[in-house]
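# A look at the structure
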Amino acid sequence: MEKKIKKVDLIFGKVDYLDILDKSLQRSRDEIILDVIDSGLRGRGGAGFPTGLKWKFAKNEEADQKYVICNADEGEPGTFKDREILTEAPEKVLAGMALCGYCIGATEGYIYLRMEYNFLLPQLHEQIDAFNKQMKERNFEFTIFIRSGSGAYVCGEETALMESMEGKRGEPRNKPPFPTSQGYLGKPTSVNNVETLVFALMIAKEGPTKFKEMGTFDSRGSKVFSVSGDTPTPGIYELELGMTLEQFVEEFGDGDTKAVQVGGASGFCVARKHFKETLIGFEGIPTGGSMMIFNSTRSMYNILHDYLEFMEEESCGQCTPCRVGCQQLLKGIEAVKKGNKQPSYLEELQKLSDTMRIASKCGLGQSVPNPFNSIINNFREEIIY
Amino acid sequence: MTRIEEFVKEQAEKHGRDRNSLMPILQAVVQSERFLSEEAMVAVATELDLSTADVFGTATFYTFMDTFPRGKNIIRICKTITCHMKGKDAIVDTLEDMLKIKLGQTTTDGKFSLLQANCLGWCHKGPVMLINDEVYPEITPEKAVEVVSKYLKKG
Ligand SMILES: Cc1cc2nc3c(=O)[nH]c(=O)nc-3n(C[C@H](O)[C@H](O)[C@H](O)COP(=O)(O)O)c2cc1C
Ligand code: SF4
């Protein structure tokens, strides 16, 4: 188990993306999809659905039009890797979209970029124009467009994202139907995270084996991490999956790490005593990349308060458990802190958060219990006193 | 036709009159006017053949689509935990002092609005602020004053 943290360079390194596409277009769609399935690649946007299967479902649908959407909404606190990928390796993202388009049979692709990244637009437009031209020269029918968000975290949820693209309030839809059968404008749609698309391209280039050999059974390959907080080396790192939090903290901590929030405001807080046995990945604690490190000078009450305030503001308000639940959790910990409520009130709040998990409509409300319960269970005293 | 109506019509011609052009058109208005006036929303509704309530309902969902006047330059300071830890409060205090306004307000000359925002995606380089579309990572109170002064000169 004594595995050192291994840095990997699949995402940012330069490749001949046109060559990869040309060779892929010579192969059958099923063959490429099988490679992606075989590689074990799972979505890097957070939910972790197997990418090859998603492509297969979208491919199997009969429709006059299908769409590829690149999810570049990146709103999860503590995540900033998609921006870096779009800055450093945009052509790989575009090629990944075209590859997906070829596999599922879509002729249009959209990048949904959060408005906070609007400064990327001029260069992205230029790159997209050039790329679209290159596709045309190859007689490969695939055109990429770009759409902007307007400052709503929930629009990163794939169905809310499509509502927003359709010119509506970004309120998540019921699932099923899943986007692969009825997505953008009711057509089969594959929504993929920026990073996922680049990995898929690299798997098309190198075959599934190299990717599959990295990581663990449920978490194959590597992943781009966004490291922030109390660390001497904040930044963006592509690392092989399968490390424990202890190994991670040894590499990135400042020697006084008290807790790590894995997966952003919707993720889990892990306390020092659990670093050793906690694996970063789908068999342990998954993350879309966000790793926020806190040392012993930080108040866990402030951290929880910050996350709850974020969720309360970003809840779309469509369903009651989430809309009212977020407000009540926030008010509740404030009341306990001020002494207006007994500490035992925290147990009631935890029941409420459990209800949110089962009764909320989308992943936002469903994941509020993650930070809430993990911080309260590990740092109850800090919340009360 | 008023100036706004004309602008909206131009945008509708550029983006198309389908419902899925609503966001790009509203975004173009916000980009140019910094907010969505009643006049603008009625114009958009007319161009796209939607009800005004529907346009208003959509716009008010989004944090970056203000329906009341904002300053010519909108300053957004990230308030999420890691920027908080790196000292965003000092930036807010400094700019409140400099501009003589509180968070959420606009200067009387209409040049600046000072707001906070949720995670701007620069946690490794906090604290960070956004002025309109420009990003300023790793700012200090001194740097913030320097940057805002530049916008002040530009008018
Ligand atoms: C509240 C919420 C916010 C989300 N934000 C993002 C996001 O910013 N980027 C992203 O790729 N996925 C985000 N997701 C996940 C998407 O719904 C979707 O699963 C993902 O884009 C699929 O791509 P992947 O399979 O490549 O990960 C979010 C989900 C929820 C519930
Ligand atoms: S869980 Fe929250 S964000 Fe999701 S649909 Fe319900 S209210 Fe909206």
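## Describing the domain arrangement of chain B
Per the domain assignment, the segments making up chain B are domain 1 (3–61) and domain 2 (73–154). A separation of 28 Å is found between the C-alpha centroids of domain 1 of chain B and domain 2 of chain B.

## Some points on empty space enclosed by the protein
The rolling of a water-molecule-sized probe over the atoms marks out the regions of remaining empty space. Scanning the entire structure with this criterion turns up 7 cavities of 30 Å³ or more. Met115(A), Glu116(A), Val30(B), Gln31(B), Arg34(B), Phe64(B), Asp66(B), Ile74(B), Arg76(B), Leu130(B), Asn132(B) and Asp133(B) together form the lining of the largest cavity. Mapped onto the lining of the largest cavity, the elements with two or more residues apiece are α2 (22–33) and β1 (73–78) of chain B. When grouped by side-chain class, the residues that make up the lining of the largest cavity number 5 nonpolar, 2 polar and 5 charged. When residues of the lining of the largest cavity are assigned to domains, at least three fall in each of domain 1 (3–61) and domain 2 (73–154) of chain B.

## Overview of the sheet that holds strand β1 (residues 67–72) of chain A
All names here are of chain A. Pairing is parallel in the open sheet, where 4 strands are placed in the order β3-β2-β1-β4. Two strands bound the open sheet, and with one partner strand each, they are β3 (143–148) and β4 (189–193). Each strand of the sheet is rotated relative to its neighbour by a mean of 20 degrees, with strand direction disregarded. Pairing between strand β2 (residues 108–113) and β3: 6 bridges, direction parallel. When the sheet's bridge partners are listed, Glu 108 is paired in β3 with Thr 143.

## Structural notes on the interface of chain B and chain A
How big an interface is tends to be reported as the loss of accessible area on association of its parts. On the chain A side, the residues contacting the 32 residues of chain B number 51 residues. Among the residues of chain B in contact with chain A, Phe61(B), Met85(B) and His124(B) are the three that bury the most area, contributing 20% of the side total. On inspection of chain B and its partner chain A, the count reaches 2 salt bridges. One salt bridge connects Glu313(A) with Lys79(B), and the closest N-O pair in it is separated by 2.6 Å.

## Observations concerning unusual backbone geometry
With omega at -10 degrees, the peptide bond leading from Lys175(A) into Pro176(A) counts as cis. Structurally, Pro176(A) can be placed in the loop between α7 (158–165) and β4. Residue Gly126(B) is joined to Pro127(B) through a cis peptide bond whose omega torsion reads -5 degrees. By secondary structure assignment, the location of Pro127(B) is in the loop between β2 (112–117) and β3 (129–131). Its identity is not glycine, yet Asn139(A) carries a phi of approximately 55 degrees, on the positive side. Examined against the element boundaries, Asn139(A) turns out to sit in the loop between α6 (121–137) and β3. Among the residues examined, Asn139(A) registers a relative accessible area of 73% and is labelled exposed. The phi angle at Arg34(B) is positive, at roughly 75 degrees, despite the residue not being glycine. Counting through the fold element by element, Arg34(B) comes out in the loop between α2 and α3 (38–48). Among the residues examined, Arg34(B) registers a relative accessible area of 17% and is labelled buried.

## Considerations on the site of ligand 2
Close to ligand 2 lie 13 residues, the nearest being Cys316(A), Gln318(A), Cys319(A), Cys322(A) and Cys362(A). Broken down by class, the residue content of the shell around ligand 2 amounts to 7 nonpolar, 5 polar and 1 charged.

Quick notes on the rules
- Residues numbered from 1 in each chain as written.
- Chains lettered and ligands numbered in written order.
- Predicted model: local features only at pLDDT ≥ 70, side-chain atom pairs only at ≥ 80, totals over all residues.
- Heavy atoms only, no water.
- Domains from an automatic or database assignment.
- 1 Å grid on protein atoms, 1.4 Å probe; cavity = no way out; pocket = protein on both sides within 12 Å on 5 of 7 lines; lining within 4 Å.
- Points joined across faces, edges and corners; volume = space filled by probe spheres on them.
- Helix = DSSP H or I, 4+ residues; strand = E, 2+ residues; numbered from the N terminus.
- Nonpolar A, V, L, I, M, F, W, Y, C, P; charged D, E, K, R; others polar.
- Pairing = 2+ DSSP bridges.
- Axes fitted to C-alpha atoms, helices over the stretch in contact; angles between N-to-C directions.
- Contact = heavy atoms within 4.5 Å.
- Buried area = accessible area lost by both parts, 1.4 Å probe.
- Salt bridge = Lys/Arg side-chain N within 4 Å of Asp/Glu carboxyl O.
- Buried < 20%, exposed > 50% of the residue type's maximum accessible area, 1.4 Å probe, protein only.
- Near = heavy atom within 4 Å.

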